[in-house]
Amino acid sequence: MSQELSEQELLRRQSLQKLRELGVDPYPAEAFNVTHLAADLKDNFEEGCAVKMAGRMMSQRIMGKASFAEIQDSSGRIQVYFNRDEICPNEDKTLYNEVFKKLLDLGDFIGIEGVVFKTQVGEISVNVKNFHLLSKALRPLPLPKTDANGVVHDAFTDPELRYRQRYVDLVVNPTVKNTFIKRSKTFSAMRRFFETQGFLEVETPILQAIPGGAAAKPFVTHHNALDIPLYLRIANELYLKRLIVGGFDGVFEFAKDFRNEGMDRTHNPEFTVMELYVAYKDYHWMMDFTEKLMENIAVAVNGSAECLVGEHKISFKAPFRRISMRDAILHYTGIDIQGKDEVSLREECAKIGIETNPTMGVGKLIDEIFGEKCEGHFIQPTFITDYPIEMSPLCKQHRENPNLTERFELMINGKEIANAYSELNDPIDQKERFEAQLKLSERGDDEAMFIDHDFLRALEYGMPPTSGIGIGMDRLAMLLTNNASIQEVLFFPQMRPEAKSTLVLSDLENQILSFCSTEPTLLSELRMKVDCSNKQWDVSLKNLTKHQVLSIQKVNDSVFVTKNN
RNA sequence: GAUUCCGUAGCUCAGCUGGUAGAGCAAUACACUUUUAAUGUAUGGGCCCUGGGUUCGAAUCCCAGCGGGAUCACCA
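Residues numbered from 1 in each chain as written. Chains lettered and ligands numbered in written order. Predicted model: local features only at pLDDT ≥ 70, side-chain atom pairs only at ≥ 80, totals over all residues. Heavy atoms only, no water.

Student: Help me understand the pairing of strand 2 (residues 66-73) in this model?
Tutor: The two faces of a sheet get side chains in turn, since along a regular strand they alternate between them. A large share of strand 2 lies buried, amounting to eight of its eight residues. Both faces of strand 2 are covered, namely the face carrying Ala-66, Phe-68, Glu-70 and Gln-72 and the face carrying Ser-67, Ala-69, Ile-71 and Asp-73. Where strand 1 (residues 50-63) and strand 2 come together, seven bridges link them in antiparallel fashion. Considered in strand 2, the bridge of Ile-62 is made with Ser-67. Counting the residues that bridge the hairpin from strand 1 to strand 2 gives two residues, and of these Gly-64 lies at a positive phi of roughly 70°. (Buried < 20%, exposed > 50% of the residue type's maximum accessible area, 1.4 Å probe, protein only. Helix = DSSP H or I, 4+ residues; strand = E, 2+ residues; numbered from the N terminus. Pairing = 2+ DSSP bridges.)

In structure tokens, the structure reads:
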């Protein structure tokens, strides 16, 4: 069932009909070959230049026989000038008077042919010689306007509407479009950087029988032919490492991962991670590489290594500060985690007001302290290195301290942006670490992993020393576009389903209807037959008359109800 | 999951201690040949989120629900 149309939607449908009657196809099939974009004309003004342009008509200022309109194409807006006698040189002025002035609506796609000129006020414009309707819009767009002082009025700002109808958001809010252009540039700059290193872009399974490579709750689905559960991947790490086993020296993948966890301004159920694995490297090499990568991307996206994020100016200029997790915690809390066991860490947590629970092991406790007391301090890009072994089951033991791992996270603006290791390639050690994780999960830590025996088998064939990194692409896009919520950098963030509007008659409405006939019935008599509150009565009756199921007439002082056919 | 705020015209928003719905833009009609938030005159447009309750009477007060925002928790 379609919704009832608003007045404006009805009017646009009527215009559509009238256009057809005038022989104008509102949805023509032919290509319209554009020669210039709006931005081209503004960048290179050339008086008298003949142009063909197309886009949405976003404003119309009609002044009798002359009019101005604005066309918005992918590059921006350009003013166009319509003169009745130029468009209609003959007696028949229908094209201007009817088609342009009355039957075109804001939001319609039109194509124009004309020549470039400057108006008396000095605005670069196109003098239209001929125009074509390319596609009619049946719904009105929200129309924010910018006044002479640059203040935007009636901006389309409601986040719910903007996310649910991103297409409208993009049409109407130029900064939103710019965010997504920057997001795309972030990806392409990264890809280019990797390709110049000779790394290979690959694709690995999204449907996995064992969701490995991270500790997170997966989405479950079912394969009918195999009759087995399959999981949407939570990470692609274990597959990329198999490819290093197979003999590639550098592989990367921009991967959509899926985690069945909470949603908020930094978490969407599906998100994008770039993972890269390079053979014969360690995490020191990866740090050097990462800071160069970040600087390169920042420049490619924003034209500068400096970038404003909230109230902070962040510099992506390499090199970045490096500090071990032990020193970071020591610095911000005075606690030395070196050599501390679970019991004494729990005591330290209690002292500084961090809640703990019995399922937390040493790794989790240290992570709590860091997350709670340190993380937020690292505004400028900083590598936090050497994580405790309990929290890094896929990472190689530290070459100097067996309680640590060769791992770093890149923190920017107080948030984790990247996570990297010297990858664990000792298959026996790996197996033991998986088993230790499994034990943790038996304590109730619901993020623990499954054991991927095929991955262990692959390691047994031998994996060269490898360094790997995962970069949260959404988080990175948030930084580079100065957005505080992930929804702003995803075209279509996950939303609760829209409530359906049901136009089905209620029981009460049906009951009322059953007492009515095509003969007029006295309203007061009808009221007595129906047992309901005054409010229910009022709403139901209004509904029925609104949908023209019933009609009400007043004759003298009596009110009658009649059923419509 | 917790707390809190919000939901009124196509858009942005007013609407007082309850009294039968308001503005600007958009729309419609007319005027106007270089305007630019064009202008002037006139007109139409509302399931006031949904359901229940209190009341003679609810957009307004109460309860529940739905949707959204913010903050917090969770998220190696």
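Student: Help me understand the sheet that holds strand 1 in this model?
Tutor: Neighbouring strands of a sheet are bound in pairs by backbone hydrogen bonds; such pairs are parallel or else antiparallel. Pairing is mixed in the closed barrel, where five strands are placed in the order 1-2-3-5-4. Put simply, the sheet's adjacent strands are angled 55° from each other on average, direction ignored. When strand 3 (residues 76-83) meets strand 5 (residues 124-135), the two strands line up parallel, connected through three bridges. Directly across from Tyr-81, in strand 5, lies its bridge partner Asn-127. Those strands touched by helix 4 (residues 94-103) are strand 1, strand 2, strand 3 and strand 5, and its axis lies near 75° from that of strand 1. (Axes fitted to C-alpha atoms, helices over the stretch in contact; angles between N-to-C directions. Contact = heavy atoms within 4.5 Å.)

Student: Even after reading the chapter, I still don't get the protein's contact with RNA strand B, so can you show me in this structure?
Tutor: Around RNA strand B sit 59 residues, and of these Gln-79, Gln-120, Glu-160, His-267 and Asp-367 come closest. At 2.8 Å, a side-chain N or O of Lys-145 approaches a phosphate oxygen of RNA strand B. Looking at which element gives the most residues to the surface near RNA strand B, the answer is helix 18 (residues 534-546), with four residues. In terms of residue class, the surface near RNA strand B is made up of 20 nonpolar, 14 polar and 25 charged. (Near = heavy atom within 4 Å. Polar contact = N/O pair within 3.5 Å; in protein donor to acceptor, adjacent residues only side chain to side chain. Nonpolar A, V, L, I, M, F, W, Y, C, P; charged D, E, K, R; others polar.)

Student: When you look at the packing of helix 8 (residues 237-245) against helix 14 (residues 453-460) in this model, what are you seeing that I'm missing?
Tutor: When two helices pack together, their arrangement is given by the angle between their axes and by how far apart the axes lie. Helix 14 packs onto helix 8 with a crossing angle of 25° between their chain directions and a minimal axis gap of 9 Å. As summarised for this structure, helix 8 and helix 14 are arranged roughly parallel, according to the angle between their axes. Read as a crossing pair, helix 8 and helix 14 show a hand that is left-handed. Residue-level contacts link Leu-238, Lys-241, Arg-242 and Val-245 of helix 8 to Asp-454, Phe-455 and Ala-458 of helix 14. (Parallel < 35°, antiparallel > 145°, perpendicular 65-115°, else oblique. Left-handed = near helix turned anticlockwise from the far one by under 90°.)

Student: Explain the environment of Met-463 to me, please; I cannot follow it from the model alone.
Tutor: For Met-463, the position within the fold is in the loop between helix 14 and strand 20 (466-472). Exposure remark for Met-463: the relative accessible area of 5% places this residue in the buried category. Separated by 222 residues in the primary sequence, Met-463 and Lys-241 place their C-alpha atoms 7.8 Å from one another. Filtering out sequence-adjacent residues up to four positions away, Met-463 remains in contact with Lys-241, Ile-244, Val-245, Glu-423, Leu-424 and Asn-425.

Student: In this structure, what is going on with the pattern of salt bridges? I would like to understand it.
Tutor: Pairing between side chains becomes possible if they bear opposite charge and their charged atoms approach one another. Counted according to the given criterion, the structure contains 34 salt bridges. One salt bridge in this structure joins Asp-85 and Arg-84, with 3.1 Å as the shortest N-O distance. Using a relative accessible area of 18% as the deciding quantity, one classes Arg-84 as buried. Residues joined in a network through salt bridges with shared partners are Arg-162, Arg-166, Asp-169 and Glu-488. (Salt bridge = Lys/Arg side-chain N within 4 Å of Asp/Glu carboxyl O.)

Student: Quick question: what am I supposed to make of the packing of helix 10 (residues 325-333) against helix 12 (residues 362-373) here?
Tutor: Between helix 10 and helix 12, the shortest axis-to-axis distance is 10 Å and the interhelical angle comes to 55°. Relative to helix 12, the element helix 10 is oriented oblique. Here the hand of the crossing between helix 10 and helix 12 comes out left-handed. Note on element contacts: helix 12 touches helix 10 through Ile-366, Ile-369, Phe-370 and Lys-373, opposite Met-325, Ala-328, Ile-329, Tyr-332 and Thr-333. Tallied by class, the residues present in the contact of helix 10 with helix 12 amount to seven nonpolar, one polar and one charged.

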